[in-house]
Amino acid sequence: MRVELRIGEVTVPVELNGSAAARALASRVPLELSMSVSSVGCCGQLPFSLPHDEADIHPGWSDGDLNYKPEGDWLALFFDDEKNSARYGGQVTLGHVVGPLDALRGLERTCRAKIEALYEGS
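Since this is a predicted model, take the numbers as computed values, not measurements.

1. Digging into the packing of aromatic side chains
Here comes step 1: Scanning all chains against the criterion turns up 2 aromatic pairs.
Here comes step 2: Taking 3.7 Å as the distance between ring centres and 0° as the angle between the ring planes, the aromatic pair formed by Trp61 and Phe78 counts as stacked. Here Trp61 is found in the loop between strand 5 (57-58) and strand 6 (65-69), whereas its partner Phe78 is found in strand 7 (residues 74-78), with 17 residues between them in sequence.
Here comes step 3: Overall, Trp61 belongs to the buried group, its relative accessible area being 8%.

Here it is, written out as structure tokens:
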């Protein structure tokens, strides 16, 4: 399933994987939350937990990953620093951005974010 993630004025499509956590997130869209922007990504706390398989938990990310951190119910879209990301454990990858990440790197501060489903033909 593909979703559209709008953070502030930037919109990116994200292809979700087939994990239990990704399916659960997809079942909860449309969804709005506040996300803080850092030098490596955008992060916001979900108002609910996502079920996940323990085998899906890993350290780090690849640039463009949409990850869930069960400890605290954090959702993050990472756009930088994958080479140093292994020091951050407890990640569950939900999907990956389809397309360039450059516009995300220009975001600042805290932004409203909205996740919506994209359907065939849209």
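Continuing now.
2. Here we look at the layout of surface pockets
Here comes step 1: What the largest pocket holds in volume is close to 210 Å³.
Here comes step 2: The wall of the largest pocket is formed by 15 residues, among which Cys43, Lys69, Ala76, Phe78 and Gln91 lie closest to the centre.
Here comes step 3: For the lining of the largest pocket, the elements supplying multiple residues, two or more each, are strand 4 (41-45), strand 6 and strand 7.
Here comes step 4: Along the lines of polarity and charge, the residues of the lining of the largest pocket split into 9 nonpolar, 5 polar and 1 charged.

3. Concerning the environment of Ser39
Here comes step 1: As for its placement among the helices and strands, Ser39 is situated in the loop between strand 3 (31-37) and strand 4.
Here comes step 2: Taking relative accessible area as the criterion, Ser39 reaches 61% and is therefore assigned exposed.
Here comes step 3: Non-local contacts of Ser39, meaning those with residues more than four positions away in its chain, are made with Phe79 and Asp80.

4. A few points about the environment of Gly18
Here comes step 1: Residue placement: Gly18 occurs in the loop between strand 2 (10-16) and helix 1 (20-27).
Here comes step 2: Residue classification places Gly18 among the exposed residues on the basis of a relative accessible area of 57%.
Here comes step 3: In this structure the C-alpha to C-alpha distance between Gly18 and Met1, which are 17 residues apart in sequence, comes to 8.3 Å.

5. Let's talk about the environment of Glu32
Here comes step 1: Looking at the element boundaries, Glu32 is found in strand 3.
Here comes step 2: Glu32 sits in the partly exposed class, given a relative accessible area of 48%.
Here comes step 3: Placed 70 residues apart in sequence, Glu32 and Asp102 show a C-alpha to C-alpha distance of 23 Å.

About the cut-offs
- Residues numbered from 1 in each chain as written.
- Predicted model: local features only at pLDDT ≥ 70, side-chain atom pairs only at ≥ 80, totals over all residues.
- Heavy atoms only, no water.
- Phe/Tyr/Trp six-rings, centres within 6.5 Å; stacked < 30°, edge-to-face > 60°.
- Helix = DSSP H or I, 4+ residues; strand = E, 2+ residues; numbered from the N terminus.
- Buried < 20%, exposed > 50% of the residue type's maximum accessible area, 1.4 Å probe, protein only.
- 1 Å grid on protein atoms, 1.4 Å probe; cavity = no way out; pocket = protein on both sides within 12 Å on 5 of 7 lines; lining within 4 Å.
- Points joined across faces, edges and corners; volume = space filled by probe spheres on them.
- Nonpolar A, V, L, I, M, F, W, Y, C, P; charged D, E, K, R; others polar.
- Contact = heavy atoms within 4.5 Å.

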